[in-house]
Amino acid sequence: MVSNPVHGLPFLPGTSFKDLTKTAFHRSQTLGYRNGYAVVRRPTVGIGGNRLQVNQLSQADLDELANSIPILTYGQPRQAPPAAFIPAHVAFDKKVFLESQGIELNPPEKMALDPYTELRKQPLRKYVTPKDFDQLKQFLTFDKQVLRFYAIWDDTDSMFGECRTYIIHYYLMDDTVEIREVHERNDGRDPFPLLMNRQRMPKVLVENAKNFPRCVLEISDKEVLEWYTAKDFIVGKPLTILGRTFFIYDCDPFTRQYYREKFGVSDLPRIDMSKKEPPPMKQELPPYNGFGLIEDSAQNCFALIPKAPQKDVIKMLMNENKVLRYLATLESPIPEDKDRQFVLSYFLATDMISIFEPPVRNSGIIGGKYLGKTKVIKPDSSVENPVYYGPSDFFIGAVIEVFGHRFVILDTDDYVLKYMESNAAQYSPEALLSIQNRIQKQEAPAPELDGQRAEEEPDVQDMEALIDTIQKQLKDRPCSDNIREAFQIYDKEASGYVDRETFFKICGSFQLPVDDSLIKELIRMCSHGEDKIDYYNFVRAFSS
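Residues numbered from 1 in each chain as written. Predicted model: local features only at pLDDT ≥ 70, side-chain atom pairs only at ≥ 80, totals over all residues. Heavy atoms only, no water.

For the chain, an unreviewed UniProt entry supplies the name EF-hand domain-containing protein 1 and the organism Capra hircus. Quoted verbatim from the Subunit (unreviewed entry) heading of the UniProt record, the comment on the chain is "Microtubule inner protein component of sperm flagellar doublet microtubules. Interacts with the C-terminus of CACNA1E. Interacts with alpha-tubulin." (UniProt positions renumbered as here; feature names shortened; annotations may be inferred.)

Structure representation (structure tokens):
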């Protein structure tokens, strides 16, 4: 309430009036700042700018009056002036412990650090005094200078591992390392050029950085105690990079020169790491099934589209139509096979053998072709390296094994004797001796027939004319070689004569026209004595 001093009324309740026309009710400022410090100011006017009803004394006058002792002892003592007005935010500024209010607190503790706040406290830039090592000088000095090492990574101990070759580059300008892969033709790998990009490689990490996630984060100098340098790359020693152990076995000439000038190492070795060729795998041919030649069957194992084996054309031309014939018997424990005789023919052009069995009436065995033309391997040879029978293996007394059947050679024809005489170098002494005995038996005269031969020797001209006439009349005549071979089977002594019964039996097996008058006359001329017939001259009538 504000009194109205104009009316002169006392300032008592009920005697004061409110100014209804007043519109300003602001209070004057009592707190100010000077040089950054709070300063208290006493109000000079009241609310709305009205005059204060107090003495306008200074603070010093008020303090003096409050401390002075009144002289008068009567009446009520004068009250002390009010204390200086101090706002609560000023009185309790910077006052936080609560002991004045009777509240006890715990001892003070350290405040937890805020990582972000601590990071903000660090200066944005660090100014480090330059060290003695000048990286710019290193860059300018060793620019484009690279050490090249040749290394291998042997991973054969793991499953599907192998020994692979790499090239390690060490860049002197910034001490970085690069590992390049070496690809070979048809190695079955994608053509990736690098195993490891160019980067600095840590050698020793700090204790707390062993579990550092290097696969996703880059390593800084704080996690590394020592980096790889050029002195760590030594030829002939292993080097572990990224968990792989590389063995350095060689380097280029520039690297050798650098190590000689920088470290004084002049004997860097060259280790031979060339791959040793594994022993060739032996190609095993399947067992021979007996069909066709071994060479033809083996071609199916060498190529998808088999080719015919090469033939010796010169040998075929020089030995065309040259055949060596032998008389043989079958070595068998079966009694029925003891009297069977065969004609073995060896073809010099192709080294093939054929076997013919002359038919014999009432023998119970069908004669004819016993074995077609084919090559026969020796029993002691293998399918991989077959050894075939040759001309030197055939002689009188020799045993020839043909697909499990053993044949014993008893005799040969005249052409075999001439062939062996002209090629005696390729025959064994045993073979030559058997042929000499054969010739001696053939040239020895038969004493019981000498007189009869002298008495009954036919006229040679008449026999030649008769043979010529028979050759002209017989158009479809059998092969004379087969007839001669059949007679030689029964002529065990190679005398050129057979008995009459055997003679007519062989003629009947070949269905010769013995009832013909000319044939009868020829038989008469070839007869010697009562029971012998010269089959050599007789067979001439059926030759071409």
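Don't stop here, the text continues.
Engineer: Which parts of the structure should I look at to understand the pattern of salt bridges?
Structural biologist: Once their charged atoms are close, side chains differing in charge can pair, the charge on each being opposite to the other. Scanning the model with the defined rule gives 14 salt bridges in all. For Glu 181, the salt bridge is made with Arg 164, and the minimal N-O distance between the two is 3.1 Å. Pair noted here: Glu 181 is in strand β5 (residues 176-181) and Arg 164 is in strand β4 (residues 163-171), with a separation of 17 residues, a long-range link. Salt-bridge contacts for Arg 340 lead to Asp 337; the nearest nitrogen and oxygen are separated by 3.1 Å. Of the two residues, Arg 340 and Asp 337, neither departs from the other in class, the shared state being buried. In the salt-bridge network here, residues are joined through shared partners; they are Lys 203, Glu 226 and Asp 232. (Salt bridge = Lys/Arg side-chain N within 4 Å of Asp/Glu carboxyl O. Helix = DSSP H or I, 4+ residues; strand = E, 2+ residues; numbered from the N terminus. Buried < 20%, exposed > 50% of the residue type's maximum accessible area, 1.4 Å probe, protein only.)

Engineer: In this structure, what is going on with the nonpolar core? I would like to understand it.
Structural biologist: Note on soluble globular proteins: their nonpolar side chains tend to be buried together. One finds Leu 324, Tyr 326, Leu 344, Ile 355, Phe 394 and Phe 407 to be the most contacted residues of the largest nonpolar core, which totals 28 residues. Listing elements by their share of this core, those giving two or more residues are β11 (323-331), β12 (341-347), β13 (352-357), β15 (399-402), β16 (405-412), α8 (414-422) and α9 (429-443). In terms of nonpolar packing, the next biggest core, distinct from the first, is built from 25 residues, Ile 467, Val 498, Cys 507 and Phe 510 among them. (Core = buried A, V, L, I, M, F, W, Y, C linked by side-chain atoms within 4.5 Å.)

Engineer: Would you mind showing me how to read the sheet that holds strand β14 (residues 368-374) here?
Structural biologist: Across a sheet, paired strands are connected by hydrogen bonds in the backbone, their directions being either parallel or antiparallel. Spatially, 6 strands are ordered β14-β13-β12-β11-β16-β15 in an open sheet, and the strand pairing comes out antiparallel. Each edge of the open sheet carries a strand with a single partner, namely β14 and β15. Going from strand to strand, the sheet's axes swing by 30 degrees on average, the running direction of each strand aside. Sheet topology places β15 next to β16; 4 bridges connect them, and they run antiparallel. In the strand pairing of β16, Val 402 is matched with His 405. (Pairing = 2+ DSSP bridges. Axes fitted to C-alpha atoms, helices over the stretch in contact; angles between N-to-C directions.)

Engineer: Can you walk me through empty space enclosed by the protein in this structure?
Structural biologist: Within the structure shown, the criterion is met by 3 cavities of 30 Å³ or more. For the largest cavity, the calculated volume is near 60 Å³. Along the walls of the largest cavity sit Pro 358, Pro 359, Val 360, Arg 361, Ala 486, Tyr 490, Lys 505, Ile 506, Ser 509 and Phe 510, which together make up its complete lining. If you tally residues by element for the lining of the largest cavity, the top one is helix α13 (residues 500-509), at 3 residues. Of the residues assigned to the lining of the largest cavity, the class counts are 7 nonpolar, 1 polar and 2 charged. For the second largest cavity, the calculated volume is near 50 Å³. In this structure, the second largest cavity is lined by Tyr 288, Gly 292, Leu 293, Ile 294, Lys 375, Ile 377, Tyr 388 and Phe 403. When the residues that make up the lining of the second largest cavity are grouped by side-chain class, the tally is 6 nonpolar, 1 polar and 1 charged. (1 Å grid on protein atoms, 1.4 Å probe; cavity = no way out; pocket = protein on both sides within 12 Å on 5 of 7 lines; lining within 4 Å. Points joined across faces, edges and corners; volume = space filled by probe spheres on them. Nonpolar A, V, L, I, M, F, W, Y, C, P; charged D, E, K, R; others polar.)

Engineer: Could you clarify how one ought to interpret the side chain of Ser 354 in this entry?
Structural biologist: Along the polypeptide, Ser 354 turns up in strand β13. Non-local contacts of Ser 354, meaning those with residues more than four positions away in its chain, are made with Val 343, Leu 344, Ser 345, Phe 347, Leu 371, Gly 372 and Lys 373. (Contact = heavy atoms within 4.5 Å.)

Engineer: Could you clarify how one ought to interpret the side chain of Thr 329 in this entry?
Structural biologist: Structurally, the position occupied by Thr 329 is in strand β11. Reaching out from Thr 329, the side chain makes a polar contact with the backbone oxygen of Arg 340 at a distance of 3.1 Å. Setting aside its immediate chain neighbours within four residues, Thr 329 contacts Lys 338, Arg 340, Arg 406, Phe 407, Val 408 and Leu 410. (Polar contact = N/O pair within 3.5 Å; in protein donor to acceptor, adjacent residues only side chain to side chain.)

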